[in-house]
Amino acid sequence: MAALFPPWTNTATRIVLGAVALAVVGAIATPMIYARSPYATGQQDPVLQPIAFDHRHHVRDDGIDCLYCHEDAERSAFAGVPATERCLGCHNQIWNDTPSIAPLRDSAETGLPIRWQRVHSLPDFVYFDHSVHVRRGIGCVSCHGRVDEMAAVHQVQRLTMSWCLDCHRDPVPNLRPRERITSMTWTPAPGEQAELARRYQPRSLTHCSTCHR
Amino acid sequence: MSAMSHDHPHEHPGPGPGDDDDGGEPGGLDRLSRRALFKLAGAGAAAAGLAACSSRPAREILPYAGQPPEVTPGIPLHYATALVEDGFATGLLVASREGRPVKVEGNPDHPASLGATRAIDQAAVLSLFDPQRARAVTERGVPAAWPAIERMLADATARGGAGLHLVLEPTSSPLVIELVGRLRAALPAAGVTFWSPFTPRSSIAGNRLALGRPLQTQLDFRAADVIVALDADLVGDHPMASAYARQIADRRRVVDGGSAMNRLYAIEAGYTPTGVMADHRMRVRGSQIARIAAELLAELQRGGVPAPAAAGRFAQLTAPPDRARWIAAIARDLARVPGRSVVAAGERQPPAVHATVAAINALLGNAGRTVGYTAPVVFEAGGPSHDLANLVRAIDRHEGDGGGVTTLLILGGNPVYTAPADLAVADAISRVDRSLYLGLYDNETARACRFMVPGLHELEQWGAARAYDGTITPLQPLIEPLFGGRGVADVLHQLLGDPPASPRDRLVQAWPRAVPGADLEAALVRGAVANTALPGVTAALAWDTLAPALAAAAVMPAEPAQADGGATLELDIRPHPFVHDGRYTNNPWLLELPEPTTKLTWDNAAQLSPATAARLGVGDGDVIALTIPGTGGAASRTLAIPAILVPGHADGAITLQTGFGRDGGEDIARGIGGNAFRLWTTTAGFHPAARAVALGEHRALAIAQVEASTGDRPIVLSGTLHALGGEAFRDELAGHRGAQPSLYPAFEARGPQWAMSIDLTTCNGCSACVMACAAENNTPVVGKRQVQNRRQMHWLRIDRYIGRYPGGTTGAGIDAASDATAVVQPMLCQHCERAPCEYVCPVEATSHSPDGLNEMTYNRCIGTRFCSNNCPYKVRRFNWFDYKDHRSLRVLGKNPDVTVRDRGVMEKCTYCVQRIRRTEIDARVADRPIGPEEVQTACQQACPTRAITFGSLTDPQAPVVEHRHRPHSYAVLHDQGTVPRTQYLARIRNPNPALDGTADGAAGDRHGGHG
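Summary of the structure given here.

## A word on the packing of helix 11 (residues 289-302) of chain B against helix 12 (residues 321-336) of chain B
Residues and elements named next belong to chain B.
Next up, step 1: Where helix 11 meets helix 12, the closest approach of the two axes is 9 Å, and the angle between their N-to-C directions is 60°. In terms of orientation, helix 11 and helix 12 fall into the oblique class. At the point where helix 11 passes helix 12, the crossing takes the right-handed sense. Contact residues: Glu295, Leu296, Glu299 and Leu300 in helix 11; Ile327, Ala328, Ile330, Ala331, Leu334 and Ala335 in helix 12.

## Some remarks on the interface of chain B and chain A
Next up, step 1: Taken together, the contacts link 33 residues of chain B with 35 residues of chain A.
Next up, step 2: For the side of chain B that touches chain A, the elements supplying multiple residues, two or more each, are strand 1 (60-61) and helix 30 (913-925) of chain B.
Next up, step 3: Among the elements that take part in the side of chain B that touches chain A, helix 30 of chain B stands out by supplying 6 residues, more than any other.
Next up, step 4: Residue classes in the side of chain B that touches chain A are distributed as 15 nonpolar, 11 polar and 7 charged.
Next up, step 5: Of the strand pairs in this sheet, strand 1 (residues 116-117) of chain A and strand 1 of chain B are connected by 2 bridges, and their pairing is antiparallel. Residue pairing in the sheet places Gln117(A) in a bridge with Glu60(B) of strand 1 of chain B.

## Topic: helix 19 (residues 503-514) of chain B
Residues and elements named next belong to chain B.
Next up, step 1: Under the 1.5 Å per step criterion, the end-to-end length of helix 19 is 15 Å for 12 residues, consistent within 8% with the ideal 16 Å.
Next up, step 2: Within helix 19 the residues assigned to the buried category are Pro503, Arg506, Leu507, Ala510, Trp511 and Ala514. Buried positions in helix 19, seen along its axis, are confined to an arc of 135° and lie on one side of it. Summarising the geometry of helix 19, the exposed residues directed more than 90 degrees from the buried face are Asp505, Gln509 and Pro512.
Next up, step 3: Turning to helix 19, the residues buried within the fold contact helix 7 (174-186), strand 18 (463-466), helix 18 (488-496) and helix 20 (520-526).

## Some thoughts on the nonpolar core
Next up, step 1: Ranked by internal contacts, the top residues of the largest apolar core, which has 288 residues, are Ala229(B), Leu230(B) and Ala293(B).
Next up, step 2: When residues in this core are grouped by element, the largest group, 9 residues, is from helix 11 of chain B.
Next up, step 3: Counting residues in each nonpolar core, the second largest holds 8 residues, with Cys66(A), Val134(A), Ile138(A) and Val141(A) among its members.

## Looking at helix 30 of chain B
Next up, step 1: Taking 1.5 Å of rise per residue, 13 residues should cover 18 Å, and helix 30 of chain B covers 18 Å from first to last C-alpha, within 8% of that figure.
Next up, step 2: When we look at burial in helix 30 of chain B, the residues that qualify are Val913(B), Gln914(B), Arg915(B), Ile916(B), Arg917(B), Glu920(B) and Arg924(B).
Next up, step 3: Buried positions along helix 30 of chain B lie against helix 7 (130-135) of chain A together with strand 29 (754-759) of chain B.
Next up, step 4: Taken from the residues just after helix 30 of chain B, Asp927(B) is the one with a positive phi, measuring 50°.

## Re the pairing of strand 2 (residues 77-85) of chain B
Residue and element names in this part refer to chain B.
Next up, step 1: Pairing of strand 2 with strand 3 (residues 88-97) involves 9 bridges; the strand directions are antiparallel. Its bridge partner lying in strand 3, Glu85 is registered against Phe88.
Next up, step 2: Hairpin remark: strand 2 followed by strand 3, antiparallel, with 2 residues in the connecting loop; positive phi at Asp86, about 55°.

So, how was this worked out
- Residues numbered from 1 in each chain as written.
- Chains lettered and ligands numbered in written order.
- Predicted model: local features only at pLDDT ≥ 70, side-chain atom pairs only at ≥ 80, totals over all residues.
- Axes fitted to C-alpha atoms, helices over the stretch in contact; angles between N-to-C directions.
- Helix = DSSP H or I, 4+ residues; strand = E, 2+ residues; numbered from the N terminus.
- Parallel < 35°, antiparallel > 145°, perpendicular 65-115°, else oblique.
- Left-handed = near helix turned anticlockwise from the far one by under 90°.
- Contact = placed C-beta atoms within 7 Å.
- Nonpolar A, V, L, I, M, F, W, Y, C, P; charged D, E, K, R; others polar.
- Pairing = 2+ DSSP bridges.
- Expected span 1.5 Å × (residues − 1).
- Buried ≥ 20, exposed ≤ 12 C-beta atoms within 10 Å, placed from the backbone.
- Arc of directions from axis to C-beta.
- Core = buried A, V, L, I, M, F, W, Y, C linked by C-beta atoms within 7 Å.

This is the structure in C-alpha cells:
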C-alpha cells in the first residue's frame, strides 16, 4: 500500500510541532520580557514637564544640592517636590521674566499648583520610604541615576520588584557615607563599603510587608 | 447584561442601603441566567485582554504653591478638637494627612476620653465626608440664595423678636450661651427651646428632689470597690462612658488569684455592655427598678446603715422572695465598704429613682467621695426651656390671638423625628410660614421647614463646649467647610446684627470672656483647659422633698423579677449605641457595626427574652405589631417591627432602640428599621402597657453572629477570682498555652517579635476597636444583604457567646436560656507562628515575616480562598465585590498608608503593620531603639478599657511579656497547634460568695450550653 502521506509531510509536521512549541514558550516568555523591557518600565523615556526644568543647569552650573529642593528626603517617605515659593526664592530675582517659567508665575499668582508629571511611579500597593534609605546610606544616584546630566529627567532603573530585591538582599554595594548621599560622582575606596555596613547596620529585608501593606 | 448594570456599584450612592430587593451590587448574580452568564464571561475575557493593553496612567505631582510650614507631605499632623453630642464634648486628636482628616484618636488630656474613643467617634471621618450631606441653601427643596434668609432674619428681629422662636440643641458652649443671653436681652419677645431626646433630664430632676437643687451627678470609680448599676449603662450609654469604662476596668486588672477586683452588679432589662462586664447581672423590667432601689435602701437601713427618722416607715419594705437574697447580698456588700461604692441609676429611670439613689449614696457615705454633684453642664438643663412642648404651645397660640410664632429657626438636631409621639411637632412646624432648618442633612425636620441651610460638621468648626465634668474643650476645624455650611453661632450673630467676621476671629474675641485667664492657643494645643471641671457641690439630703418620693416608691407593688403572665408588655426605649437618636444613621460604618449584645446590623428590632418570644410565638425576624394605647382621647400608636431574641433580657419586656425608621432625604438611613420615637413619650423611658401581636410576617435580619455557643471548644475561658487562686483552674489554664508538637518547620525569627494580649475581663464589647480597625485599615462596608451572606469585611470582630454560670443570673432561674450570661471576645488574626493559612496558599500571598507577622500580600493574591478555609479562627475576609468606592467623596477619608484592596483579594488583620513599619522607620532614621509601648495598634489605641496590649516579646520592658506570664493567659484553640501570637487573658469574675455557687468551685466556666 502506498504511503498515505508524502515524505514532505514529515518536515511539515516537525515545523508545525516546533512552531507550536515556540508559540507556547513565546506566549509565556514574550510578556515576561516585555514587562521588563524599557517599553513597559518606562525607562529612558524623558517626560515632558509644564516647565522645561533643566537639572543639568541647576545641579552642575549652579551647584544646588538635591536636598535644597527635595528637602523631605531625609525625614519623610516622600522626597518632596518644591513648593512654588521655593522656586521663587531665586526666580523672583533672576530670570523672573523668562517666558519659560510662565507656569511658575501663574502658580504664584493664583495659588494653584504646578502640575508636574511623575517620572518615578511605583504601584499603589508599594510603600517606599525615602527617609530610611537615605539615613542608611543609599544615595540619590543609586536609584535616580545621573540626574545632573539630564535635560529632562527620565527613569534610569527598572523599578521592578526584582530590581528592589537585588539591593534588599545585599545592600552593601550601594552604601555610601551619609554626608555624600547627594553626590553624583562619589566612588567607594576599597573596603570602604564594608566599613560603612558595619557602621550603618543595613538590614536585608525581603519579607513582603517591608513594602506591601 | 442589564441585570448586572442595574446593580453596578457606581450607580449607587453608597454600599448597599439594605432594602430587601436591592442589597447592593451582588443582587444581580442571583437572577443571572445561564445564557447571560456566558455572555458576561465572554465580555469579561475580552475586557481582560483590553485592560492588558492599556498604558500606565499619567500621574501628576502637585506641590503646594505656598507650603504651610507645619506640613511635611507624608507625615501626619494631629489636631485636638472634640465631638459634641447632647451638649457634652469628647476630646479627640484627629490625624490630618496633607489637609485631609483621616483618623480620629482619643485625647489623653481630655477627661471624657482619656486617650480612648467610642465607636461613634471613630466613624466621625466618614460622616464628615458623607456625599449625601446637604450642599446648598434651599427653599422647599429648590436652591435659594442666602440673602433671602438674611432678609427673613432681619424681619424677625423687627418687633423685639415677637413671633420669633429658636430651637437649639442643648448646649454647653460658653460662646453659644453668651449669644443666647444677648439674644434674650435684645429680643425679649423671642422664644428659645433646647431639644435633644437623650440629654440628662431625669437625673437632674431626681437630684432636685433629693438635694433640693438641680444638680448633675458625677461619678468616680477610682475608689469604688462595689458598683451597683440600676438600669444604668455606665460603660456604653453615658457622656462619660469611655472614662467610666477606664476607671472601672482599672480596678479589674487581674494579675493572679491574689489581685484585688471591684465588684459590679448590673440590674437591667436589656443586655448592655455594663451587663457584659458585670460580675452579677439581674434582669428585671425597667419599671421594677424604682421598687428595687427602695428595697435596697430599706435593706441597708435594716443592716444598720444610719438614716434619719424621716426615712423611718421604710424599714418594713421587703423584696419579693425571688430577689430577696440578691437585695440582701448587695446591701451587705455595700455596707461592707462605706464610702467606697457607687450606686448609679440610668437616665431612663424616673426622678424618684435618682432621688432614692442619691439617698443611698449619701447614707453609704459615698457622696463627696465616689459620687459628686455639680451644677449642670448643659445650659438651663432641667429647666423649662428644655421642654419641647413649649414650642408646640407657642405655635398653637398663633392661631388664637394672632401673636405666636411667625419665624421658626431650628438650629441643629432633628426634632421632627426625635420629638415624643405625644407632641404633634411636625404638624406644628408645618403651620409656621417662615421656618428655617440648619443641619447636616436634608432630614425630616429640613423637609418640614421652608428653608434648609447646610450646617457644619464638628471637624469643620471653630467653637467650644464642655465635657460632662465641665472641662472647657475648644473645637478647631480640620478642613474648610466642604459645602460652605454655617454654624449655629453664625446664624445667631446674623440675628443679632453683628458685623461679619471669620469663625476663628469670633472665637478669639469671645474666648477671654468665656474662659477668663486661659490662653486659647495653649487650649487648642492641649484640647482641653485644665482645671475647668465644675467644682463639686456639697448638698445635704432634702428630706422634705425626698421623703414623699421614697414613700411613693415604698408603696409600689412588688412584682417578681420575671413575672411574664400578663397581656401587656413593658416597652423600654433607649438610644442605639451607635446611631444614637438617628443623627448617625446615614453613616454606613455605624450601621454595619454589630450591636454589642444582639450582633444585629443595618436594623433595629424588638429585643425580647426567649421566654417572652415563645409566649408570643415569634423567633428572630418574625414581625410583631407593638401598640401603645392612646391616652386622653389620643389614638393608639402601632409599630410593626421584627423581633430578635436576646438571652438574658428581662421577661415581659421589649427593648427598642431609636435611630431607625428614618424618613428624611438621606438615602442610606431612609427606610431601614422602625421608628421607636413613634412609641416614645418624655414621661419615662419605658411604657408599662404595650401590646404585642405576632403578625405572621418574617423580615430577614442581618445578624452578624448566629452561633452563640462555643460548643465547649476552648475558645472563651473564664472563671472566678477565687478559682484562679487555686491549683485546679490554674492547671486547666496552663493546658491552653505553651509548646505544641508540630510537623511544620518553625519560621526564622529575627528582630522584634510582635504579639498581642487581650484581657477578656475588662472587654465589655463596646466595639470601638472594630470601628477603629475599619477606619485605620480602609475595610469596606458590604451592606445588609452581604452581612446576611456572612461576607462582612471587619478584620476585627467581637464574638458574643452565651454561657451559663452555675447558680444562674438571677439566683432563681426560671429558664436556663433566658438567664444565660453573655461573654464577649475580640477575634482577629491570631498571627499563628505555625499558621495553617500559609501552608495552603498556592502563590505564597500569605507568608510569615521574621518579626512574627502573618503577612497578607494583596498584589499576589489570586483569590483561591484556601487560606480562609484552613483558618480555624475564621478571621480572613474575602473581597467578593468591588468595594473601592473611588469616585465617592468618602475616598478622602481613606488611610493613605494602607492599600485599598481590589475585588477577588483576601485580607485580614495585619497587626497594623503600617504602624509597625512606620515606627521602625522612625526609630531607624533617628538611630534609636523602639520603645516598649511605642507601637500601638488602632484597636489598642481606641480601647476605652485598655483591654488590648501590644508589643514585642523580645523586649523585657513590654507589658505584653508580663501578660504572657500571668496564670490566666491562654491561646484560643491551643489544641490545634497553631501557636497564636495573640493570647487572651481569661475572663475572671469576682462574684459575691453569698450569691454564686461557683465561688468555692475550683474549675472554670463553660460557655457551651445555649445553641
